[in-house]
Amino acid sequence: MMDNVAFGGADILFTDVDDTLTTGGQLLPETYLALCKLAAAGIRVVPVTGGCAGWCDQIIRTWPVAAVIGEGGAFYAHRTAPQTVRWHYWDNQASHREDQTKILAAVAALELDFKPELASDQAFRYVDVAVDYNQQQALSPEQVKSLHDALVAQGFNVRQSSIHLNVWLGDFDKSTMAIRVGRELFDLELSALQARSVFIGDAPNDESMFRNFPLSIGVVNIRRHLPVMAHKPVAITSERSGLGFAEMAEAWLRQRVSLG
């Protein structure tokens, strides 16, 4: 399926992490090798995840990536030296922490016919609150919807990843921070960034990226979410999760070789 995608002169990759890079919660060797090959070919890779700050710290220190965007666009991190990481928040860390405290209190006070459980990585989050629905907990679609609606009714932003409901206050999302990374790290304004970027993802919380980045791809496991998504990828891999990512990378690198 990827042979019909024209990657052209793109040299930046924004990629979701959970169930796009990972497969069943694991980073497969085929997927990590694909990341390494993309980086070696001069493609700047930027994971864009709802994952926590702790996860992002590990990614930026150990993966072959140019930067990492975390907690749904709340911050990005990049290396300024081999062992030095700099963090950039959408607003400032203190105000984000205050907002996080409000959200935690609101989640604890919800009156539902079930008890929402925070994600196991909540202690490692700087900005947002993640409620587990499909990682260590198993909520029904009806329970997910009632939880989502109850939090939206209180004025919070809520996005559904493949494993969590991510909740935050602020006017950021994955795409707004990706655009900021393009401007601040790569010296590219929006139109130039769009022309040089590829995005790959798997879930409704990737919609802002599908909307703002024309060359967007979904791994095949996104198909179950498509009926509820207004903004969709232009192409879908034949393989799921990390193997779908590797499929996309192979097609992109093959085109770069053929174009010389």
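Located above this text is the structure these notes cover.
These remarks concern the structure in this document. These numbers come from a predicted model, not from an experiment. Residue numbers restart at each chain and count upward from 1, following the sequence in its written direction. Side-chain atom pairs in this predicted model are given and counted only at pLDDT of 80 or more, local residue features only at pLDDT of at least 70, and totals for whole chains, interfaces and linings cover all residues. Heavy atoms throughout the structure, all of them, feed into the side-chain values; hydrogens and water do not.

**Points about the overall build of the protein**
Here is step 1 of the chain: Secondary structure elements are taken from DSSP: a helix is a run of H or I of four residues or more, a strand is a run of E of two residues or more, and numbering for both begins at the N terminus. Scanning the protein from terminus to terminus reveals eight helices and twelve strands.
Here is step 2 of the chain: Computed over its C-alpha atoms, the radius of gyration of the protein comes to 18 Å, within 12% of the 18 Å expected for a compact globule of 260 residues.
Here is step 3 of the chain: Projected onto its principal axes, the C-alpha coordinates of the protein cover approximately 60 × 40 × 35 Å.
Here is step 4 of the chain: Between buried and exposed lies partly exposed: a residue is buried under 20% and exposed over 50% of the maximum accessible area for its type, with that area taken using a 1.4 Å probe on protein chains only. Taking all 260 residues of the protein together, 54% fall into the buried category.
Here is step 5 of the chain: Contacts were defined at the residue level, with two residues in contact if any of their heavy atoms lie within 4.5 Å. Counted over contacts in the protein with a minimum sequence separation of 6, partners at least 24 positions apart contribute 59%.
Here is step 6 of the chain: Here the protein displays about 11300 Å² of accessible surface, and carbon together with sulfur accounts for 51% of that area.
Here is step 7 of the chain: For this count, His and the chain ends are skipped, Lys and Arg are scored as positive, and Asp and Glu as negative. All charge positions are set by atom: Lys at NZ, Arg at CZ, Asp at CG, Glu at CD. Looking at the protein, you have 22 positive and 30 negative side-chain charges, and the mean spots of the two groups are 5 Å apart. Throughout, the radius of gyration refers to the C-alpha atoms, and the reference size of a globule is 2.2 Å times the residue count to the power 0.38. In short, Shrake-Rupley with a 1.4 Å probe defines the accessible areas, and a residue's cover is counted only from the protein chains shown.

**Regarding helix α4 (residues 141–152)**
Here is step 1 of the chain: Helix span, expected: 1.5 Å multiplied by one less than the number of residues in the helix. Under the 1.5 Å per step criterion, the end-to-end length of α4 is 16 Å for twelve residues, consistent within 8% with the ideal 16 Å.
Here is step 2 of the chain: Residues of α4 that are buried include every one of Val144, Leu147 and Leu151, and no others. Viewed along the axis of α4, the buried residues span an arc of 70°, placing them on a single side of the element. Opposite the buried face of α4, at more than 90 degrees from it, the exposed residues are Pro141, Glu142 and Lys145. Directions are taken from the helix axis to each C-beta atom, and the arc is the one they span.

**Quick notes on the environment of Val198**
Here is step 1 of the chain: Within the secondary structure, Val198 is located in strand β10 (residues 197–201).
Here is step 2 of the chain: As a C-alpha pair, Val198 and Glu247 span 49 residues in sequence and 14 Å in three-dimensional space.
Here is step 3 of the chain: Not counting residues up to four positions away in its chain, the partners in contact with Val198 are Phe7, Ala10, Ile12, Leu13, Phe14, Leu215, Ile217 and Trp252.

**Examining the pairing of strand β4 (residues 75–81)**
Here is step 1 of the chain: DSSP calls a pair of strands paired once it identifies at least 2 bridges connecting them. Here strand β3 (residues 68–70) runs beside β4; their pairing, made up of three bridges, is antiparallel. Along β4, the bridge assignment pairs Gly70 with Phe75.
Here is step 2 of the chain: Hairpin connection, β3 to β4: the antiparallel pair is bridged by four residues, and Glu71 has positive phi, about 50°.
Here is step 3 of the chain: Looking at chain direction, β4 and strand β5 (residues 84–89) are connected through six bridges and run antiparallel.

**Points about the packing of helix α1 (residues 29–40) against helix α8 (residues 241–258)**
Here is step 1 of the chain: Geometry is summarised by axes, namely lines fitted to C-alpha atoms with helices restricted to the contacting stretch, and by angles between N-to-C directions that run from 0 to 180 degrees. Relative orientation of the contacting elements α1 and α8 amounts to 30°, with a least axis distance of 8 Å. In terms of their interaxial angle, α1 and α8 are classed as roughly parallel. Here α1 runs over α8; the crossing is left-handed. Seen from α1, the contacting residues are Glu30, Thr31, Ala34, Leu35, Lys37 and Leu38; seen from α8, they are Gly242, Leu243, Phe245, Ala246, Ala249, Trp252 and Leu253. When an angle is under 35 degrees it counts as roughly parallel; over 145 it counts as roughly antiparallel; between 65 and 115 it counts as roughly perpendicular; any other value is oblique. Each crossing gets its handedness from the near helix: less than a right angle anticlockwise from the far helix is left-handed, clockwise is right-handed.

**Some words on the sheet that holds strand β7 (residues 129–132)**
Here is step 1 of the chain: Pairing in this open sheet of four strands is antiparallel, and the strands run β6-β7-β9-β8 from one edge to the other. Two strands in the sheet have a free side with no partner beyond their single neighbour: β6 (117–118) and β8 (157–160).
Here is step 2 of the chain: The pairing of β8 with strand β9 (residues 164–168) spans four bridges and is antiparallel. The residue of β9 that forms the bridge with Asn157 is Trp168.
Here is step 3 of the chain: Here helix α3 (residues 93–109) sits on the sheet in contact with β6, β7 and β9, set at roughly 30° to β7.

**With respect to the nonpolar core**
Here is step 1 of the chain: Residues belong to a common nonpolar core when they are buried Ala, Val, Leu, Ile, Met, Phe, Trp, Tyr or Cys residues joined through side-chain atoms within 4.5 Å. Residues Leu13 and Phe14 are the most contacted members of the largest nonpolar core, which totals 63 residues.
Here is step 2 of the chain: The element that contributes the greatest number of residues to this core is α8, accounting for seven residues.
Here is step 3 of the chain: Apart from the residues lying within four places of it in its own chain, the contact partners of Leu13 are Leu38, Ile43, Arg44, Val45, Val46, Val198, Ile200, Phe245, Met248 and Trp252.
Here is step 4 of the chain: Judged by nonpolar contacts, the second largest core, of 16 residues, contains Ala106, Phe114, Val129 and Phe156.

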